[in-house]
Amino acid sequence: MSDTTASDSTSTTEERPAAAAPPADERLAYRSVFQRLFVRPEVSAMIGAIGIWTVFWAVSNTFGTVGQTFGWLDIAASLGIMAVAVSMLMIGGEFDLSSGAMTGAMGILIIYIVKDTGELGGLGIPLALALPLSLAVALGIGYLNGFMVERTGQPSFIITLATFFALRGLKLGLSKRAVDQIQMGTTDEASDYDFFRPFFAAEWQRNDHQFEARDVFYTAFVLLGLALIVLAVCELWFQRRDTLEPGGLAQFLGGTAVAVVGVILLHATDGVGANVAIAALISVGGLAALHGFARWRYEPVAEPGTMQLDPAMRRRVGLGLGLVVVGSAIAMLIDSSSDGELFFPFTTQGVRAMLFVGICAAGMTALAMASQKALSVNAATKFVVTASMALGMAIVAATVFLDSADTKFRGGLFSVLLAIAVLLFGWAVVSSRFTERRFVDRAADRLGNRVIIAGVVAVGIGMAFRLLFTVEDEILAGIPPAKTSIRVFWFVLFTSVMVWVLANTKFGSWVFAVGGNKEAARQVGVPAARTKTQLFMLVAFAAWLVGILIAFRINSIQANTGDGEEFEYIIAAVVGGTLLTGGYGTAFGGAIGACIMAMPLIGISSARWNSDWRFLLLGVILLLAVVSNRFIRLRAEGIRR
Amino acid sequence: MNSDAPLLELDQISKYYGNIIALKDVTTSVAAGEVTCVLGDNGAGKSTFIKTLAGVHQPSEGTIRMQGDEVSFTSPRDALDAGIATVYQDLAMVPLMSVWRNFFLGSEPTKGLRIDKKAAKETAKAEMAKMGIDIRDTEQPVGTLSGGERQSVAIARAVYFGAKVLILDEPTSALGVKQSGVVLKYIIAARDRGLGVIFITHNPHHAYPVGDRFMILNRGRSMGNFAKEELPRDELVRMMAGGAELDQLTHELETARID
């Protein structure tokens, strides 16, 4: 992927300089891998989502089940379609307070149009006409929002507030007129309801879909995805060598083969002894593969040196490991079987978990910081300090294994923590033996980023197999039925299309431009007013889609449906990393934000917390997201501003 | 079309905002491969002058001719299509967007629906190289560039998109000495590529080295058009500062230094 066109005498080649002399361009400061990753807002949102998922998984017995996952995915779907559209509008620098009310209004409008003319109001027109008709109305309202904002120059906040109240009134009025109730029903009165139902309300009964090879696909995709992510981080982290080392490739392939055989054996066998042996086999294969991969592609460290732990470094490592030990000891000391409230609102187990997680996390952070510093000493020191992170993680894993009441911790969490410990050890080996890249290499960055995205997609596909299909053993064990609906498919589709549009089209570029600097965009010929109006119409389109989904899901719609939800869309967008002032953000972040918002709705009840706490939690999440987004962006951009 | 006529000619242009006279009977011209400097202090009418040329405002009186033909612009797009590109003081750049996206903003090359990113990046790099601008990484946000570099991206963009006349609004006012020198170099580069450049500034020391002709604005009126030969540098500086007023000021400042 080297740049061949810019061979002009005045331009230097942009791509990687000769490995022997890497000083690249003195004007471009090198940014560390973490800076490069976290400058993408959706990365921190995703880590937040994983964190929230883990918390609810830990405190509730049912949150991780397929049924509950479908539950929050379904909430995330209608929230997310709107959040993605609202994210784009916010990137374009505007708000739409009417978006929430619009979803309900579109549902009611559709029902009003299809309703049998019989006794009271309604038009009695089939859905085939009602859908395009309501779409026209939605786009018209969106256009009106955009037109008014552009024409009056007033903040969209005020204009759409007016639209919001108008829609509220319209919803009530239409409902009262048609059925003399504040509830409007029903969608299935439409003559062609049965034709359209599969498109908007098709359901997937998991227990009706047996697929015995499911776990093969699940394991394969998830492991493939995780491996891709690890290798991509290597690509971002290390300096490529001039000529590839074929011996390394052979080792990589050999190690991978051993690990794959191990995974297959693990599937086939049972019993603790066998599992331990096979886990060791997988670890060895995986580590060999990682090391081989690095040997194949990256520049080895010339002079490893001898280990030197100066007092400051020794203090850091000691502090880190000490904290991990203390945290583990506290967890051991507090009785894991005692239940009950210690003091409001904390239970004994809650306090135990918080102390354990908090103190150990602090310890691991101290170790990570030491590891970061260690490289400036020499490679041998780097190895020892990073390996101490692996040790710390192993201690945590052991504590979880020895002292948890619940099998899900002793089994699942223990395995994950142990795998992380092994990976950290591998990282200690690799990061101390190969040269960290200290200059900008766009080709490597691009490849690394693409592979990370491929890895995330692969993990997602693997999860989908697990969620969508059941196997005979589960049915025999009497797994409760679970179902999902086509709404999630619409969510994924809409998000994918919008992510693509934002990254690849003129329109996408213009959205960033009008949000970032509207006057500048206008002066170079971007139709700023039109772009913004189109964004309002996009939000209206999303509201129309969600309106249909609501109408098909619950069949009869309350007049206040959607009112107030516009703030949840905005929160989801902000949680996903979109800047309130416009010009910065992603559509994918909005989708992740919607998942973060949806998880507590299901999680709070499955943790048997009082659901009144929901809004408190949403507020705290928003606050944390805003603060951490800002903190991370400032750190990540460091040199930027 | 008349090939002898200057590229852009302004004849007796006036602009009123209600009863406020922002510009009165301003006449000047720029030829291909020439730099016309428009000098004026704050409030002299420079902004109105630019906006009139750029199609943001229509002149209340007077005519604009391009290559001898009378034209009238109703929008910035009109002026752009006619070949008048304006680089504003606020840079007309979106700071959080990458250099290549800014370079092609509003005129992105497309392949089907999608932007042809590869071509766009390569073109942006090559075009800037032709102007002698070495932007190493077209992916970096414009906000990370220095003021001089941003100006040069804007100038290279205007040149690439076929501008015949380049209007620069105080491109050096926010820059340090060295950066200003860089921008002046790009002005020369644009001139040498056959563009007519209108360089608006309040700094005669920046204008004099690059200008072929000079027009001085004061309180919305032109104080005359001069070719470089007719106007020594000191005279330009004097006129720019309002001549007698500057003498007065110099005197005041000197007497004030006694303490």
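None of the values given here were measured: they were computed from a predicted structure.

Cut-offs used in this document
Residues numbered from 1 in each chain as written. Chains lettered and ligands numbered in written order. Predicted model: local features only at pLDDT ≥ 70, side-chain atom pairs only at ≥ 80, totals over all residues. Helix = DSSP H or I, 4+ residues; strand = E, 2+ residues; numbered from the N terminus. Rg over C-alpha atoms; globule rule 2.2 N^0.38 Å. Buried ≥ 20, exposed ≤ 12 C-beta atoms within 10 Å, placed from the backbone. Contact = placed C-beta atoms within 7 Å. Pairing = 2+ DSSP bridges. pLDDT = per-residue confidence, 0-100. Core = buried A, V, L, I, M, F, W, Y, C linked by C-beta atoms within 7 Å. Axes fitted to C-alpha atoms, helices over the stretch in contact; angles between N-to-C directions. Parallel < 35°, antiparallel > 145°, perpendicular 65-115°, else oblique. Expected span 1.5 Å × (residues − 1). Left-handed = near helix turned anticlockwise from the far one by under 90°. Nonpolar A, V, L, I, M, F, W, Y, C, P; charged D, E, K, R; others polar.

Q: Explain the overall build of chain B residue by residue, including any values.
A: In terms of regular secondary structure, chain B is built from nine helices and 12 strands. Taking 2.2 N^0.38 as the reference for a compact globule, 259 residues should give roughly 18 Å; the C-alpha atoms of chain B span a radius of gyration of 19 Å, in line with that estimate. For chain B, the spread of C-alpha atoms along the three principal axes comes to 65 × 50 × 35 Å. By the burial criterion, 46% of the 259 residues in chain B qualify as buried.

Q: So, the overall build of chain A: which residues are in play, and what are the values?
A: Helix and strand counts for chain A stand at 23 helices and six strands. Taken against the 2.2 N^0.38 rule, which gives 26 Å for 641 residues, the C-alpha radius of gyration of chain A at 28 Å falls within 12% of a compact globule. In chain A, which comprises 641 residues, the share counted as buried stands at 42%. Restricting to contacts in chain A with at least 6 residues of sequence separation, those with at least 24 account for 81%.

Q: How would you summarise the environment of Val183 of chain B if you had to cite specific residues and measurements?
A: Residue and element names in this part refer to chain B. Structurally, Val183 can be placed in helix α6 (residues 177-192). Since 23 C-beta atoms lie within 10 Å of it, Val183 is described here as buried. For the pair Val183 and Val142, spaced 41 residues apart in sequence, the C-alpha separation works out to 16 Å. With residues near it in sequence (within four places) discarded, Val183 still touches Gly148, Gln151, Ser152, Pro171, Thr172 and Leu175.

Q: Any details on the pairing of strand β10 (residues 196-201) of chain B? Residues and values, ideally.
A: Residues and elements named next belong to chain B. Most of β10 sits inside the fold, with six of its six residues counted as buried. Side chains Gly196, Ile198 and Ile200 project from β10 onto one buried face, and the interleaved Val197, Phe199 and Thr201 project onto a second face that is buried too. Where strand β3 (residues 35-40) and β10 come together, five bridges link them in parallel fashion. By the bridge assignment, Val35 is partnered in β10 with Val197.

Q: Give me the lowdown on the confidence of the model for chain B, citing residues and values where you can.
A: Atom-level detail of predicted coordinates should not be read off regions where pLDDT is low. Residue and element names in this part refer to chain B. Residues with a pLDDT of 70 or more make up 92% of chain B, whose mean pLDDT is 82. For chain B, per-element mean pLDDT is lowest for helix α9 (residues 244-256), which scores 70, and highest for helix α3 (residues 99-104), which scores 91. Among the scores for the predicted complex, ipTM is 0.78 and pTM is 0.85.

Q: How would you summarise the pairing of strand β12 (residues 221-227) of chain B if you had to cite specific residues and measurements?
A: Residue and element names in this part refer to chain B. Of the pairings in the sheet, the one linking strand β11 (residues 213-218) to β12 comprises five bridges and is antiparallel in character. Its bridge partner lying in β12, Leu217 is registered against Ser222. The turn linking β11 back onto β12 is made up of two residues, and Arg219 within it adopts a positive phi angle of 50 degrees.

Q: Could you give an account of the nonpolar core, with specific residues and numbers?
A: Among the nonpolar cores identified, the biggest contains 172 residues, and Ile81 and Met88 of chain A together with Leu166 of chain B are the most heavily contacted of them. In contact with Met88 of chain A, other than residues within four places in its own chain, are Met498, Leu502, Val511, Leu535, Leu538 and Ala587 of chain A. Phe221, Ile282, Ala294 and Ile359 of chain A belong to the second-largest nonpolar core, a separate cluster that totals 54 residues.

Q: Give me the lowdown on the confidence of the model for chain A, citing residues and values where you can.
A: Per-residue confidence for chain A gives a mean pLDDT of 86, with 91% of residues at or over 70. Within the model, pLDDT remains below 50 along residues 1-27 of chain A, and this stretch shows 45 contacts once partners closer than five positions in the same chain are excluded.

Q: Can you break down the packing of helix α17 (residues 486-504) of chain A against helix α18 (residues 506-516) of chain A residue by residue, with the values?
A: Residues and elements named next belong to chain A. Between α17 and α18, the shortest axis-to-axis distance is 5 Å and the interhelical angle comes to 75 degrees. In terms of axis orientation, α17 runs roughly perpendicular to α18. Only Phe507, Gly508 and Val511 of α18 make contact with α17, whose side of the interface consists of Val501, Leu502, Ala503 and Asn504.

Q: Lay out helix α2 (residues 41-59) of chain A with the relevant residues and their values.
A: With 19 residues, α2 of chain A should cover 27 Å at 1.5 Å per step; its first-to-last C-alpha distance of 28 Å lies within 8% of that length. Every buried residue of α2 of chain A is listed here: Pro41, Glu42, Val43, Ser44, Ala45, Gly48, Ala49, Phe56 and Trp57 of chain A.

Q: An account of the environment of Phe356 of chain A is requested, with residue identities and associated values reported.
A: Residue and element names in this part refer to chain A. If you trace the backbone, Phe356 turns up in helix α12 (residues 348-374). Phe356 gets classed as buried once you count the C-beta atoms within 10 Å, which come to 22. Placed 191 residues apart in sequence, Phe356 and Phe165 show a C-alpha to C-alpha distance of 49 Å. Residues contacting Phe356, with those up to four places away along its chain left out, are Gly327, Ile330 and Ala331.

Q: A description of the packing of helix α4 (residues 99-114) of chain A against helix α6 (residues 156-179) of chain A should follow, citing residues and the corresponding values.
A: Residue and element names in this part refer to chain A. The contact between α4 and α6 brings their axes to 9 Å, and the two run at 25 degrees. The angle between α4 and α6 falls in the class roughly parallel. The crossing of α4 and α6 is left-handed. In this structure, α4 contributes Ala101, Met102, Gly104, Ala105, Ile108 and Tyr112 to the contact, and α6 contributes Phe164, Leu167, Arg168, Leu170, Lys171, Leu174, Ser175 and Ala178. Taken together, the residues of the contact of α4 with α6 sort by class into 10 nonpolar, two polar and two charged.

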